[in-house]
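Here are the chains, one letter per residue:
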Amino acid sequence: MSGTGTVGLLLLLWGAACLRLPGPAQGALVTPGPDGGAEEARHSARPLQKRSAQAVTVEVLSVKVDCAVTSRFAHTVMTSTALNKANVSQEIFFEVELPKTAFITNFSMEIDGQVYVGEVKEKEKAKKQYEKAVSSGRTAGLVKASGRNMETFSVSVNIAAKSNVTFVLTHEELLQRKLGQYEILTRVKPKQLVQEFQIVANIYEPQGIAYVETHATFLSNELLPLVEKTVTEKKAHVAFSPSLDQQRTCPGCDGTLIDGDFVITYDVKRTSSLGDIQIVNGYFVHFFAPPGLPRVPTNVVFVIDRSGSMYGKMEQTREAMAAILQDLKEDDYFAIVPFDHEIIWWKETLTKATKENVTQAMAYVKELRPLGGTDINGALLRGVRMLLTDRAEKRIPERSINMIVLLTDGMPNNGETDPKKIQENMASANGGNMSLFSLGFGNDVDYGFLSVLSQKNKGLARRIFVGSDAALQLKGFYEEVSSPLLSEVDLRYPDNAVDFLTSNHFSQLFNGSEIVVAGRLLDNNLDNFLVEVVGAGLEDNFQVQGKSAALDWATTYPDEKYIFGDFTERLWAYLTIQQLLEKSKSGSPDEKVNATAKALDMSLRYSFVTPLTSMVVTKPETEKGPDSPLIADKLTEEERQQAERSARYHHRTVPSRNAYVPPSYSVDGDPHFLIELPDKDDALCFNINDKPGTIFTLVKDTKSGILVNGQIIGDKQIPADGKIYTYFWRFGIIHRNLGLKMEVSTNGITVFQDGARLKLRWSNATSVKGDGMDLLLTKDRSLAVTLKDSVKFVILLHKVWKKHPYHRDYLGFYTLDTHLLSPSVHGLLGQFYHGIEYEVSNLRPGEVPEKPDATMHVKGRELNVTRGWQRDFRSDAKTGENVPCWFIHRNGTGLIDGEASDYIVSGLFKTV
């Protein structure tokens, strides 16, 4: 490898240490082990090379997290320096997880005195630059990953022997007040001793600091005194910097005590009903969370999905609802509307939340069971009618706030199923009289649909992640919105004094939260800068007025540890971009176009990495080749969800050291076979061409009794180019040990087991549990088949326009879990389940410039192969995900055992 070695070292450095996070954040500086497992799969056109297991050393000299917060605006700089002490060069990977609401603003690498700085570009331009590098055969990395509340920034660089590298990453975010506090969280997992380790947070709040608290999961009696905390009226300083010896698990040991979460929580003083207004350098920011306001009672309708797809989630839903019902106040009113393909309800009208009624409701919820389809439209309209009718007939208090809480895990498949029509129906029926909060449960829910649905109805959407803490997520969200203080809040400023104002109308102000408005001043004459806030409270209308004046911050607090100067402008820009991105989803067509254009312009002007921009980092030239770009993206919630789906199907979560990522085997398209091999960071692919009607054996395991056959179908007619395209349209699956036979076609699914027959339609979403078999059907999209102690498949449905002149509906087949099949398993896919050994060399230009050829050594043969792409449709059923692979020509000849004709059988459930 030209003197390049790899080393097994995983060093988790820091978390998003200055951000209000609902979950932990973390980061890492990684050099891969011999299996390369620490690096996210890189889609590059490169030959396979044997990896060196030679032990080399990387020493992490320093890890520093420097966080400065001024008026809730957090500016965090993460710096790490590593030294390659070895006599060979090696690649070092730097990773850091950021909260999804943070914007990266700067990234740089310093290598031997040379600084490489990232540049923020329009996302499409950055993507083209990346794809150009990939097509030319150079190493390029697309940097984007996701987690529950974070996304991962990752970069790698090859470091020469005896050289060092310094990584610097900067990001910014406006801290959000939730449940009465701001939180600064750092996840600390060094995994080794660090010469200089330091976490510092400096907080400046002109309103005054009410309290600052710190704690950590790893603080022992010995480490506790190392936490420095100094709090004055408006400033706070927190630092944690253990020495090398203080990090050790024992004297002389190499293990570290530093492993866990380091958390700072704080709040500010609130004495003014007007809130706090700060004016700096021509921009102002107004924080509004007045003290002492009484809570306004709520009228809430819980609309609960109990369709078949909620199987496995209903227990957590019941648990969460029990806790939420117990937290209702006696002056609240509530209703429960469970739904599947039918709409039912607990009681005809809303009910006062007395102890007796809550007890009865808890008993009712306890009996909810999943069944049937999903009629979201009907259920929501039922909730709206209940609230409007009870309001009109004065069965609920006049001074109260109406809201609907929708919990669902899937797409509508009964009643009205068009998402846009449902959004229109709800907005029309609602008429601005209530707020809709949508909780999307799991990864198959259409979060984009729910997000726009809620935005159009004065609410918001939140994803609920399937896991042991799902009930806590549901309860935690309701706690945030269950105590409204004001409704229809307007913050008003003189028209002749400000422009470029962020949103200044809010449907509600909840207890423990905060409203933030920012804008630009037209001039510095503030004599007429009169501020007014109005809203509806519990007893009467809320109204307050006042004036504000600019402060000379540099004179008052010249300390360079704190952010001054343009922080109000950047806060304004951050808030404006966030709101423009929301409008780009839910506004009218013209509003969407204008909002997107403005958000892009501001993202570029202020160097924010947003969903519309990317940061391009050009790495230094090495002995392997010329420079190559690395791209950091900001994911939208929909892109993040799509990435998680892909990770779930592909098992492509970013692995830790020694983590095993299983291969994936699929056939989809014309028909395109794809063998993905994460341990080799590579993939193989081939096509099978035969006449329509042919049936192939894909998987055959006589020992475990598993058989999967597939039949191909051709286009409706031969196109003008004369080429016959074929696709799989029908699969036969047998599990003899379970007495199971299943036919899956584009027309539907039929299951035979122990003399019983079950028929399912693609147009219904459902889950079925049988004897040793689990089925999960996602409407018009996919069927997941899990067979006890054997294998898991996913079959995708590709629907084509019915009037298409050539194409028909077809299916894709994906194997997800094969480790329990016997060593004798075979078939066009099955023969690869236990691995394939090959080497690729002699990379050379091919017939198409972006598709180089190479020589593959496999099964004692030399094959001419071509670097190409195949599509994996699991994460995106319409366009698919491009997977780079080595393409084997002539029906896979030389890669598969025998010839393609050897796998043809006479019937869908036949072996010969």
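In the block above lies the structure referred to throughout.
Small disclaimer: the values here were computed from a predicted structure and weren't measured.

Visitor: Help me understand helix α8 (residues 470-481) in this model?
Guide: Given 3.6 residues per helical turn, the α-helix brings residues three or four places apart onto the same face. In this model, α8 (12 residues) spans 17 Å end to end at C-alpha, consistent with the 16 Å of a helix rising 1.5 Å per residue. Among all positions in α8, only A470, A471, Q473, L474, G476, F477, Y478 and V481 are buried.

Visitor: Would you take a moment to explain the packing of helix α3 (residues 314-327) against α8 for this structure?
Guide: Packed helices, taken two at a time, are described by the angle their axes make and the gap between the axes. Where α3 contacts α8, the two axes come as close as 8 Å, and the packing angle between them is 30°. Of the possible angle classes, the one that applies to α3 and α8 is roughly parallel. The two elements α3 and α8 meet at a crossing, and its hand is right-handed. Together, Q316, T317, E319, A320, A323, I324 and D327 of α3 and A470, A471, L474, K475, Y478 and E479 of α8 make up the contact between the two elements.

Visitor: I tried to follow the sheet that holds strand β13 (residues 182-188) on my own but got confused; where do I start?
Guide: Strands in a sheet are paired, the pairing made by backbone hydrogen bonds, and the direction either parallel or antiparallel. Read from one edge to the other, the open sheet built from three strands follows the order β13-β18-β15, with strand pairing classed as antiparallel. The two strands at the open ends of the sheet, each matched to only one other strand, are β13 and β15 (209-216). Neighbour-to-neighbour, the strand axes of the sheet open up by a mean angle of 10°, direction not taken into account. Pairing of β13 with strand β18 (residues 260-268) involves seven bridges; the strand directions are antiparallel.

Visitor: How should I be thinking about the side chain of T750 in this particular structure?
Guide: Inspection of the secondary structure puts T750 in strand β42 (residues 748-753). With sequence-adjacent residues up to four places away left out, T750 is seen in contact with K741, M742, E743, R757, L758 and K759.

Visitor: Even after reading the chapter, I still don't get helix α7 (residues 447-455), so can you show me in this structure?
Guide: Burial within α7 is extensive, with eight of its nine residues counted as buried. Taken residue by residue, α7 has Y447, G448, F449, L450, S451, V452, L453 and S454 as its buried positions. A distance of 3.3 Å separates the backbone nitrogen of G448 from a side-chain oxygen at the start of α7, and that oxygen is part of D446.

Visitor: Looking at this model, I keep getting lost on the packing of aromatic side chains. Mind explaining?
Guide: For any pair of aromatic rings, geometry is given as the distance between the ring centres together with the angle between the planes. If you walk through the whole model with that rule in mind, you get 25 aromatic pairs. Ring geometry for F673 versus F686: centroids 4.9 Å apart, planes at 5°, classification stacked. Remark: F686 occurs in strand β37 (residues 682-687) and F673 occurs in strand β36 (residues 672-677); sequence separation between them is 13 residues. Taking relative accessible area as the criterion, F673 reaches 0% and is therefore assigned buried. Joined through ring pairs, the aromatic side chains of F73, F103, Y283, F500, W572, Y574, Y606 and F608 make up one cluster.

Visitor: Got a minute to help me understand the pattern of salt bridges in this structure?
Guide: Opposite charge on two side chains lets them pair, provided their charged atoms get close. Under the counting rule described, the total for this entry stands at 30 salt bridges. E205 is paired through a salt bridge with R72; the nearest N and O atoms lie 2.8 Å apart. Taken together, the positions of E205 in the loop between β14 (196-204) and β15 and R72 in the loop between β4 (58-70) and β5 (73-84) put the pair 133 residues apart, joining distant regions of the chain. An identical accessibility class is assigned to E205 and R72; each is buried. Linking K313 and D409 is a salt bridge whose minimum nitrogen-to-oxygen distance equals 2.7 Å. Pair noted here: K313 is in the loop between β21 (298-305) and α3 and D409 is in the loop between β24 (401-408) and α6 (419-430), with a separation of 96 residues, a long-range link. For D409, a relative accessible area of 2% translates into the label buried. The network of salt bridges with common partners includes R72, R177, E205, D267, R270 and E514.

Visitor: I would appreciate a short explanation of the pairing of strand β22 (residues 333-339) in the present structure.
Guide: Strand residues, when the strand is regular, have side chains that alternate between the two faces of the sheet. Buried residues dominate β22, accounting for seven of its seven residues. A two-sided burial pattern is seen for β22, the buried positions comprising Y333, A335, V337 and F339 on one face and F334, I336 and P338 on the other. Relative to β22, β21 runs parallel, the two sharing seven bridges. Its bridge partner lying in β22, D305 is registered against F339. With α3 bridging β21 and its parallel neighbour β22, the resulting β-α-β unit is right-handed. When β22 meets strand β23 (residues 351-352), the two strands line up antiparallel, connected through two bridges. Residue pairing across strands places F334 opposite T351, the latter belonging to β23.

Visitor: Where do I start with empty space enclosed by the protein in this structure?
Guide: The final tally for this structure, using the stated rule, is four cavities of 30 Å³ or more. Its volume calculated, the largest cavity comes out at about 100 Å³. Elements with a contribution of two residues or more to the lining of the largest cavity: β21, α3, β24 and α8. Top contributing element to the lining of the largest cavity by residue count: α3, with four residues. Of the residues assigned to the lining of the largest cavity, the class counts are 12 nonpolar, one polar and no charged.

Visitor: Even after reading the chapter, I still don't get the nonpolar core, so can you show me in this structure?
Guide: Burial of nonpolar side chains together is a common tendency in soluble globular proteins. L684, L698, M742 and M856 are the most contacted members of the largest nonpolar core, which has 58 residues in total. If one sorts the elements of this core by residue count, strand β47 (residues 791-798) sits on top with four residues. Beyond its immediate stretch of four places on either side in the chain, M856 contacts L684, Y838, E839, V840, R861, E862, L863, V865, W886 and I888. Judged by nonpolar contacts, the second largest core, of 32 residues, contains L328, I336, L407 and F510.

What counts, and where the lines are drawn
Residues numbered from 1 in each chain as written. Predicted model: local features only at pLDDT ≥ 70, side-chain atom pairs only at ≥ 80, totals over all residues. Heavy atoms only, no water. Helix = DSSP H or I, 4+ residues; strand = E, 2+ residues; numbered from the N terminus. Expected span 1.5 Å × (residues − 1). Buried < 20%, exposed > 50% of the residue type's maximum accessible area, 1.4 Å probe, protein only. Axes fitted to C-alpha atoms, helices over the stretch in contact; angles between N-to-C directions. Parallel < 35°, antiparallel > 145°, perpendicular 65-115°, else oblique. Left-handed = near helix turned anticlockwise from the far one by under 90°. Contact = heavy atoms within 4.5 Å. Pairing = 2+ DSSP bridges. Polar contact = N/O pair within 3.5 Å; in protein donor to acceptor, adjacent residues only side chain to side chain. Phe/Tyr/Trp six-rings, centres within 6.5 Å; stacked < 30°, edge-to-face > 60°. Salt bridge = Lys/Arg side-chain N within 4 Å of Asp/Glu carboxyl O. Right-handed = clockwise from strand over helix to strand, strands pointing away. 1 Å grid on protein atoms, 1.4 Å probe; cavity = no way out; pocket = protein on both sides within 12 Å on 5 of 7 lines; lining within 4 Å. Points joined across faces, edges and corners; volume = space filled by probe spheres on them. Nonpolar A, V, L, I, M, F, W, Y, C, P; charged D, E, K, R; others polar. Core = buried A, V, L, I, M, F, W, Y, C linked by side-chain atoms within 4.5 Å.

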